[in-house]
Amino acid sequence: MNRRRTLAAQIAIVTTLVAVVATAISFLVSANLIRGAAEGQARTTLGHYADLLADGNADASTPSQRLGGALTGARALARLATITALRVRPGGRVVGAAPGTLPADVVAAAAAGEVVDTDVAIGGRDYFAEGRPLSAGGSILLVQPHSAARAITTPLRNRLLIALAAGLLLAVVAGLWLSGRLARPLVHAAAAAEQLGRGRRDVRVIPEGPAEVAAVSDSLNALATALTTSEDRQRAFLLSVSHELRTPLTAVAGYAEAIADGVVTPDEAAAAGATMVAEAGRLQRLVDDLLDLARLGADDFRVEVSDVDVAALVTTAADVWRTRTAREGVDLRMEVPDQPLVVSTDPGRLRQIVDGLAENALRVTPAGAPIVLAARAVSDGVQVEVRDGGPGLTDDDIGVAFERSALYDRYRGVRRVGTGIGLALIGGLAERLGGRAEAGHAREGGARFTVTLPSLHDPNNSRTSK
């Protein structure tokens, strides 16, 4: 198994390579600049010496005196700076100890009294050549090997090399420090993520480092908080479901035990059986809701699509619910148009949505208050709406109405609540049918729940069909 390099190691390697390359380039460029500057300075200095030698003898009374003075100064310079001084007569004769045969064009220019400022090759070596005319005729010619300039550049290059090496060392140290600073928060975040994976939910990471790295810690902390909230909701949901399951099971078990013990008389058997059937039906509906909620996100969730008259479906549902609402003293009203409202959807699932919203409304609506079942056409489809005259929802409730157990957790013990899965199932069903579910405030004073279905819903282009 190949082990990956750590982020710290990769950053250290990259910064070191960058520093090495930058140092090498800086050295090469600087060395060339130093050499060029040294050669230029050497050439300028040699020309200055030539000017001094030529002008220093201007006041002599005879040409021989000027020449003698020039040669005397040249010998002194030769001893100090490896400069060779030569006298080129007008006829082209060279006087002095030349390091080799001078180029003919240089000798001719000096003999003619022209200013010489060039590089020459003498005996296989490169020289600077500077010539200045003398008033007595001819020229004074100074030559100096290029190695004299290199003798100046070598110490400078060595100092530069030392400085760049120190800079390189500092860059490597800075790279190691930077790699550790960037990698340390990520290492802490990885350790925290591992703890989260093992089930701990109290793990938090202190955000540190650059903004991007600190954002990882912030996101991990947010994830830990979200996991804690989600698991708390799951536990509360399981508790509520367990309670809802226990109630019908207790009733069924109690009557069954009474029948087995002979406590129930023959005359009471029919009523006991009816109660057991009702509780069993309640238990079956709860189990079906749980299964539907679990399958909503699965591919095997069946949706049988056909053309449905939503107005007729709501009317039929109202006829069924009118008996129950009358028994509770609740006024059931309908708002449906005379013309059909046809959409392509699953009639069974749509009826499940209407029944779920009606049951939710009846649970919280007091006697004398209304419940309204409505259907209408809108610009983007058909809406089914259930409004009630109950206690209603707050603005915060509206935002979480279709989250599982959200309203159950808020109102348990305050008002009558269901299992905490009804509205979550309705929201999921609406989405699987290609629509959307919304909550709001009803003009009757309570809550409003609206499901919008598209007018043209192609089951072949939706994963909601099976």
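Note on numbering: residues in each chain are counted from 1, in written sequence order. In keeping with the predicted nature of the model, local features appear solely for residues at pLDDT of at least 70, side-chain atom pairs appear and are counted solely at 80 or more, and the whole-chain, interface and lining totals rest on all residues. Side-chain calculation: all heavy atoms of the structure are included, whereas hydrogens and water are not.

Moving on: the overall build of the protein. Strands are runs of DSSP state E lasting at least 2 residues, helices are runs of H or I lasting at least 4, and numbering of each runs from the N terminus. In terms of regular secondary structure, the protein is built from 11 helices and 12 strands. Going through the 466 residues of the protein one by one, you find that 37% of them count as buried. Note on contacts: a residue pair is in contact if any heavy atoms of the two residues lie within 4.5 Å. Across the protein, the fraction of contacts at a sequence separation of at least 24, relative to all contacts at a separation of at least 6, is 65%. All accessibility values rest on the Shrake-Rupley procedure with a 1.4 Å probe; residue burial counts only the protein chains present in the view. With the model as given, the accessible surface of the protein reaches about 25200 Å², and the carbon-plus-sulfur share is 57%. Throughout this description, buried means an accessible area under 20% of the type-specific maximum (1.4 Å probe, protein chains only), exposed means over 50%, and partly exposed covers the range between.

Turning next to the pattern of salt bridges. When a carboxyl oxygen of Asp or Glu is within 4 Å of a side-chain nitrogen of Lys or Arg, the pair counts as a salt bridge. Taken as a whole and assessed by the stated rule, the structure comprises 17 salt bridges. The closest approach of N and O atoms between Arg-322 and Asp-319, which form a salt bridge, is 3.3 Å. Here Asp-319 and Arg-322 lie together in helix H7 (residues 310-327), a separation of 3 residues that amounts to about one turn. A salt bridge links Arg-351 to Asp-355; the nearest nitrogen and oxygen atoms lie 2.9 Å apart. You can see Arg-351 and its partner Asp-355 sitting in helix H8 (residues 347-364), 4 residues apart, about one turn around the helix.

Topologically, Thr-365 is positioned in the loop between H8 and strand E9 (370-378). Polar contact is the term for a pair of N or O atoms within 3.5 Å; when the atoms are in protein, one must be able to donate a hydrogen and the other to accept it, and sequence-neighboring residues count only if both atoms are side-chain atoms. At 2.6 Å, the side chain of Thr-365 and the backbone oxygen of Ala-361 are in polar contact. Non-local contacts of Thr-365, meaning those with residues more than four positions away in its chain, are made with Val-330, Pro-370, Ile-371, Asp-388, Gly-389 and Gly-390.

Bridge count for strand E3 (residues 116-122) against strand E4 (residues 125-133) is 7 bridges, and the pairing is antiparallel. Paired with Asp-119 across the bridge in E4 is Phe-128. The turn linking E3 back onto E4 is made up of 2 residues, and Gly-123 within it adopts a positive phi angle of 60 degrees. Here, any two strands with at least 2 DSSP bridges between them count as paired.

Residues Val-21, Ile-25, Val-29 and Leu-33 make up a contiguous nonpolar surface patch of roughly 380 Å² in combined accessible area. Examined against the element boundaries, Val-29 turns out to sit in helix H1 (residues 7-55). Residues enter patches when they are more than 30% accessible in relative terms and free of salt bridges; like-charged ones are connected within 9 Å and nonpolar ones (Val, Leu, Ile, Met, Phe, Trp, Tyr) within 5 Å.

Let's shift gears to the sheet that holds strand E5 (residues 139-145). The strand order across the open sheet built from 5 strands is E2-E1-E5-E4-E3, with neighbouring strands paired in antiparallel fashion. In this open sheet, the two strands that pair with only one neighbour each are strand E2 (94-95) and E3. Throughout, an axis means a line fitted to C-alpha atoms (over the contacting stretch in the case of helices), and angles, computed between N-to-C directions, take values from 0 to 180 degrees. Packed onto the sheet, helix H3 (residues 104-111) meets strand E1 (84-88), E2, E3 and E5 and runs at close to 150 degrees relative to E3. Each of E3, E4 and E5 touches helix H4 (residues 146-197); the most contacted strand, E5, lies at about 50 degrees to it.

Turning our eyes to something else, we now look at the confidence of the model for the protein. A score from 0 to 100, pLDDT tells how confident the predictor is in each residue. This prediction gives the protein a mean pLDDT of 80; 87% of its residues lie at or above 70. Taken together, the stretch residues 58-68 has pLDDT below 50 and engages in 10 contacts with residues farther than four places along the chain or on a different chain. Overall, residues 74-79 carries pLDDT values under 50, and its contacts beyond four positions in sequence, including any with other chains, amount to 8 contacts.

Right, let's talk about the packing of aromatic side chains for a bit. Working definition: a ring pair exists when centres of Phe, Tyr or Trp rings (six-membered ring for Trp) sit within 6.5 Å. Plane angles under 30 degrees give stacked, over 60 give edge-to-face, the rest tilted. The full count for this structure, using the stated rule, is 1 aromatic pair. Between the aromatic rings of Phe-402 and Phe-449, the centroid separation amounts to 6.0 Å while the plane-to-plane angle is 85 degrees, which identifies the pairing as edge-to-face. With Phe-402 in the loop between helix H9 (395-400) and helix H10 (406-411) and Phe-449 in strand E12 (residues 447-453), this residue pair connects regions lying 47 residues apart in the sequence.

Looking now at the packing of H8 against helix H11 (residues 422-432). Direction vectors running N to C along H8 and H11 enclose 150 degrees, while the axes themselves pass 10 Å from each other. Our classification of the angle between H8 and H11 gives roughly antiparallel. Crossing handedness for the pair H8 and H11: left-handed. Contacts between H8 and H11 pair Arg-349, Gln-352, Ile-353, Gly-356, Leu-357 and Asn-360 from the former with Leu-423, Leu-425, Ile-426, Leu-429 and Ala-430 from the latter. The classification used treats Ala, Val, Leu, Ile, Met, Phe, Trp, Tyr, Cys and Pro as nonpolar, Asp, Glu, Lys and Arg as charged, and all other residues, Gly among them, as polar. Partitioning the contact of H8 with H11 into residue classes produces 7 nonpolar, 3 polar and 1 charged. Each angle gets one of four labels, with under 35 degrees taken as roughly parallel, over 145 as roughly antiparallel, 65 to 115 as roughly perpendicular, and the rest as oblique. Handedness of a crossing follows from how the near helix is turned relative to the far one, being left-handed for an anticlockwise turn of less than a right angle and right-handed for a clockwise one.

Further remarks concern the environment of Gly-427. By the secondary structure assignment, Gly-427 is in helix H11. Counting along the chain gives 24 residues from Gly-427 to Val-451, while the straight-line C-alpha distance between them is 8.4 Å. Apart from the residues lying within four places of it in its own chain, the contact partners of Gly-427 are Phe-402 and Ala-437.

This part covers the sheet that holds E12. Taken together, the 5 strands give an open sheet; going across it, the order is E7-E9-E10-E12-E11, and neighbouring strands pair in mixed fashion. Strand pairing shows two members of the sheet lacking a second neighbour, strand E7 (331-335) and strand E11 (436-441), which therefore form its edges. For this sheet the average axis-to-axis angle between neighbouring strands, irrespective of direction, equals 15 degrees. As defined by bridge partners, E7 adjoins E9 across 5 bridges and the pair is classed as parallel. Looking at the pairing, Leu-332 lines up with Ile-371 of E9. Contacting E9, strand E10 (381-388) and E12, H8 crosses the sheet at an angle of about 20 degrees to E10.

In this section: the environment of Val-310. Along the polypeptide, Val-310 turns up in helix H7. According to the relative accessible area criterion, Val-310 is buried, its value standing at 0%. When the C-alpha positions of Val-310 and Arg-351 are compared, they lie 9.4 Å apart, and in sequence the two are 41 residues distant. Contact partners of Val-310, with chain neighbours within four places excluded, come to Leu-341, Val-343, Leu-350, Ala-375, Val-382 and Val-384.

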